[in-house]
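Letter by letter, the chains look like this.
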Amino acid sequence: MKGKRVLFGVCCMVCTMLVLGCGAEKENVGLPAVDMPEEMGGTEIYKDILDEFYILIVNGAEEDIYFEGSDGVSEALWAMEGKNPLNCFGYSIKDISGDGIPELLVGAMDNSHSGKEIYAVYSCQNGTPICTLSGWSRSAYTSMGEGRFFYHGSNGAMYSIFGTYALSPDGTSLICEDYYFTCEKDESFSEVGFYHNTSGEWDKDASEELNLSEEEFWKIQNDLAKQTERVELTPFSSYGVTGESTAELPVTAIFASDAEGDLPAYDEFIADTDESQEKILFMAHSTVKDFQVLSLSLEDVDENGKVTFSTEKLYALDALTPERSLMVGMTMYGTIPNYGISYVDENGVTRRFAVEISGMDGSLILQEF
């Protein structure tokens with residue numbers, strides 16, 4: 001049965017690329033301009049960008065998935081064979097420029113839930129996210145803390161670059177502190193020169209030529225690299241395209257066959273009796289009201305990838321509680337979700353989720369719509 005799920009998950013992954021319009025090239029993936037109070041959390045304002053990264057990571061290194069700041073992750077995905085990429089990339093939302101408004105950092109991570117290499121930094125101006133930093137292997141940034149970054153890049157065997165940058169006080173631009181590079185001294189290409197400026201330009205005529213040995217020059221790079229530090233990151237494996245950690249959702253779903261230990265007390269509803277039916281267990285981590293099982297029919301997908309379903313209520317509970325779960329027998333008939341759930345959360349908001357199968361590992365995903 002699990003083999004069937006993985007095959008189905010691959011189909012879902014292909015469908016997701018089509019349904020979410022990943023072929024569209026986007027220059028600005030930010031939210032509409034709004035006045036953001038200083039106390040507002042960054043997850044909400046950066047939701048669209050986090051969703052874009054999640055979709056990119058799940059779908060793999062597809063050439064037609066591009067948005068500003070995605071280059072580093074797209075490149076790194078090509079080397080993800082045998083790994084779960086959702087555990088190889090992470091994000092952090094915190095104020096590193098000091099203006100009271102949090103920035104979004106996306107970077108590579110390891111098993112310690114941290115990393116040094118930063119692929120993208122986004123800041124917020126007048127309520128709209130903008131990409132401040134975008135890196136990849138030959139134009140890479142690592143964190144030095146307090147909004148500063150060590151940069152190292154290459155334009156070829158003779159042309160190397162390194163230096164330091166700092167975020168501007170409002171976080172919307174990078175300010176060059178030091179910029180070191182190598183370049184041929186003359187047209188003979190027989191001798192390499194070492195140069196420095198603070199403008200961030202690869203231009204020897206606008207730079208100071210350094211009277212240093214090769215060893216002394218590269219020692220500057222090594223000393224700067226030693227000042228880098230790790231950044232705590234949240235793995236994308238704990239992010240759902242609802243814009244919040246799936247661990248924070250009050251309701252989760254698993255295949256009953258994947259449950260470990262004894263099953264909790266539960267009610268049961270059979271949505272269909274197809275021979276491919278799966279038993280799915282919906283569990284509440286905190287009580288939600290008016291829990292419903294829905295039949296879904298796809299109505300529309302707009303140019304931004306927003307999906308609209310029509311719904312029909314199949315089953316309802318006054319409340320789903322941590323003490324009593326719900327077992328539902330349902331069949332995933334195709335790549336488009338055909339079942340979903342809804343509930344009223346603790347804030348009185350009605351939330352709706354499609355029940356989908358992950359294209360990565362065949363696990364269940366609750367996709368908010």
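Residues numbered from 1 in each chain as written. Predicted model: local features only at pLDDT ≥ 70, side-chain atom pairs only at ≥ 80, totals over all residues. Heavy atoms only, no water.

A few points about the overall build of the protein chain
Secondary structure summary: the protein chain contains five helices and 24 strands in total. When each of the 369 residues of the protein chain is scored for burial, the buried share is 48%. The contacts in the protein chain between residues at least 6 apart in sequence include a share of 57% that link residues at least 24 apart. As displayed, the protein chain offers around 18300 Å² of accessible surface, 47% of which is attributable to carbon and sulfur atoms. (Helix = DSSP H or I, 4+ residues; strand = E, 2+ residues; numbered from the N terminus. Buried < 20%, exposed > 50% of the residue type's maximum accessible area, 1.4 Å probe, protein only. Contact = heavy atoms within 4.5 Å. Areas by Shrake-Rupley, 256 points an atom, 1.4 Å probe, with all protein chains shown as cover.)

Section: helix H3 (residues 47-59)
With 13 residues, H3 should reach 18 Å at 1.5 Å per residue; the first-to-last C-alpha distance of 18 Å fits that figure. Of all the residues in H3, the buried ones are Ile49, Leu50, Asp51, Glu52, Phe53, Tyr54, Ile55, Leu56, Ile57, Val58 and Asn59. (Expected span 1.5 Å × (residues − 1).)

Let's talk about the sheet that holds strand E20 (residues 307-320)
Judged by pairing direction, the sheet is antiparallel, and its five strands sit side by side in the order E20-E19-E22-E23-E24 without closing on themselves. The open sheet has two edge strands, E20 and strand E24 (364-368), and neither has a second partner. The average undirected angle you get between the axes of adjacent strands in this sheet is 30 degrees. Two elements, strand E23 (residues 350-357) and E24, share five bridges in a ladder whose sense is antiparallel. Note on E24: the bridge partner recorded for Ala354 is Gln367. (Pairing = 2+ DSSP bridges. Axes fitted to C-alpha atoms, helices over the stretch in contact; angles between N-to-C directions.)

A closer look at the packing of aromatic side chains
On inspection of all chains with the given rule, the structure shows 21 aromatic pairs. Considering the side-chain rings of Phe89 and Tyr119, the 6.1 Å spacing of their centres and the 55 degrees angle between planes classify their relative orientation as tilted. In this pair, Phe89 sits in strand E1 (residues 89-94) while Tyr119 sits in strand E4 (residues 117-125), placing the two residues 30 residues apart along the sequence. Accessibility classification places Phe89 together with Tyr119 in one group, the buried group. Measuring from ring centre to ring centre gives 5.0 Å for Phe162 and Tyr180, while their planes differ by 15 degrees; the resulting arrangement is stacked. Of this pair, Phe162 sits in strand E8 (residues 159-167) while Tyr180 sits in strand E9 (residues 174-184), and the two are 18 residues apart along the sequence. Exposure class is identical for Phe162 and Tyr180. Each is buried. Joined through ring pairs, the aromatic side chains of Phe53, Phe67, Tyr91, Tyr122 and Phe236 make up one cluster. (Phe/Tyr/Trp six-rings, centres within 6.5 Å; stacked < 30°, edge-to-face > 60°.)

With respect to the confidence of the model for the protein chain
Scored by pLDDT, the protein chain comes out at a mean of 81, with 81% of its residues at no less than 70. Across residues 1-41 the pLDDT falls below 50, and counting only partners more than four positions away or on other chains, this stretch makes 77 contacts in the model. Segment residues 242-247 is flagged for pLDDT under 50; beyond a separation of four residues in sequence, or across chains, it makes 18 contacts in the model. (pLDDT = per-residue confidence, 0-100.)

With respect to the pattern of salt bridges
If charged atoms from side chains of opposite charge come close, those side chains can pair. Per the stated rule, a full pass over the model turns up eight salt bridges. With a closest N to O distance of 2.9 Å, Asp223 and Lys219 form a salt bridge. Highlighted residues: Asp223 and Lys219, both in helix H5 (residues 214-225), separated by four residues, approximately one helical turn. Residue Lys219 is classed as partly exposed on the basis of its relative accessible area of 47%. With a shortest N-O distance of 3.0 Å, Asp267 and Arg324 are connected by a salt bridge. Of this pair, Asp267 sits in strand E17 (residues 266-270) while Arg324 sits in the loop between E20 and strand E21 (325-330); the two residues are 57 residues apart in sequence, bridging distant segments of the chain. We classify Asp267 as partly exposed; its relative accessible area is 25%. The class of Arg324 is partly exposed, set by a relative accessible area of 39%. Each of Lys185, Glu191 and Glu209 takes part in one network of salt bridges that share partners. (Salt bridge = Lys/Arg side-chain N within 4 Å of Asp/Glu carboxyl O.)

A closer look at the sheet that holds E21
Read from one edge to the other, the open sheet built from four strands follows the order E16-E18-E21-E17, with strand pairing classed as mixed. Sheet topology places strand E16 (251-255) and E17 at the edges, where each strand pairs with a single neighbour. Geometrically, the sheet is characterised by an average inter-axis angle of 25 degrees between neighbouring strands, direction not taken into account. Pairing analysis gives five bridges linking E17 to E21, with the strands arranged parallel. The partner of Glu268 across the bridge, within E21, is Met327.

Brief notes about the nonpolar core
Nonpolar side chains in soluble globular proteins generally cluster together in the buried interior. Phe53, Val73, Phe89, Leu104, Tyr122 and Phe236 are the most contacted members of the largest nonpolar core, which totals 29 residues. Looking at this core element by element, the count peaks at seven residues for H3. Ignoring anything within four residues of it in the chain, the contact list for Leu104 reads Tyr46, Ile49, Leu50, Tyr91, Ser92, Ile93, Ala120, Val121 and Tyr122. The next biggest cluster of nonpolar side chains, apart from the first, holds 25 residues, and it includes Ile280, Phe291, Ile341 and Leu366. (Core = buried A, V, L, I, M, F, W, Y, C linked by side-chain atoms within 4.5 Å.)

A look at the pairing of E8
On any regular strand, side chains alternate: one points to one face of the sheet, the next to the other face. With respect to burial, E8 is a largely interior element, nine of its nine residues being buried. The side-chain alternation of E8 yields two buried faces, one formed by Tyr159, Ile161, Gly163, Tyr165 and Leu167 and the other by Ser160, Phe162, Thr164 and Ala166. When E8 meets E9, the two strands line up antiparallel, connected through seven bridges. Of the residues in E9, the one forming a bridge with Thr164 is Asp178. From the end of E8 to the start of E9, which pair antiparallel, there are six residues, and Gly171 there has a positive phi angle of about 75 degrees.

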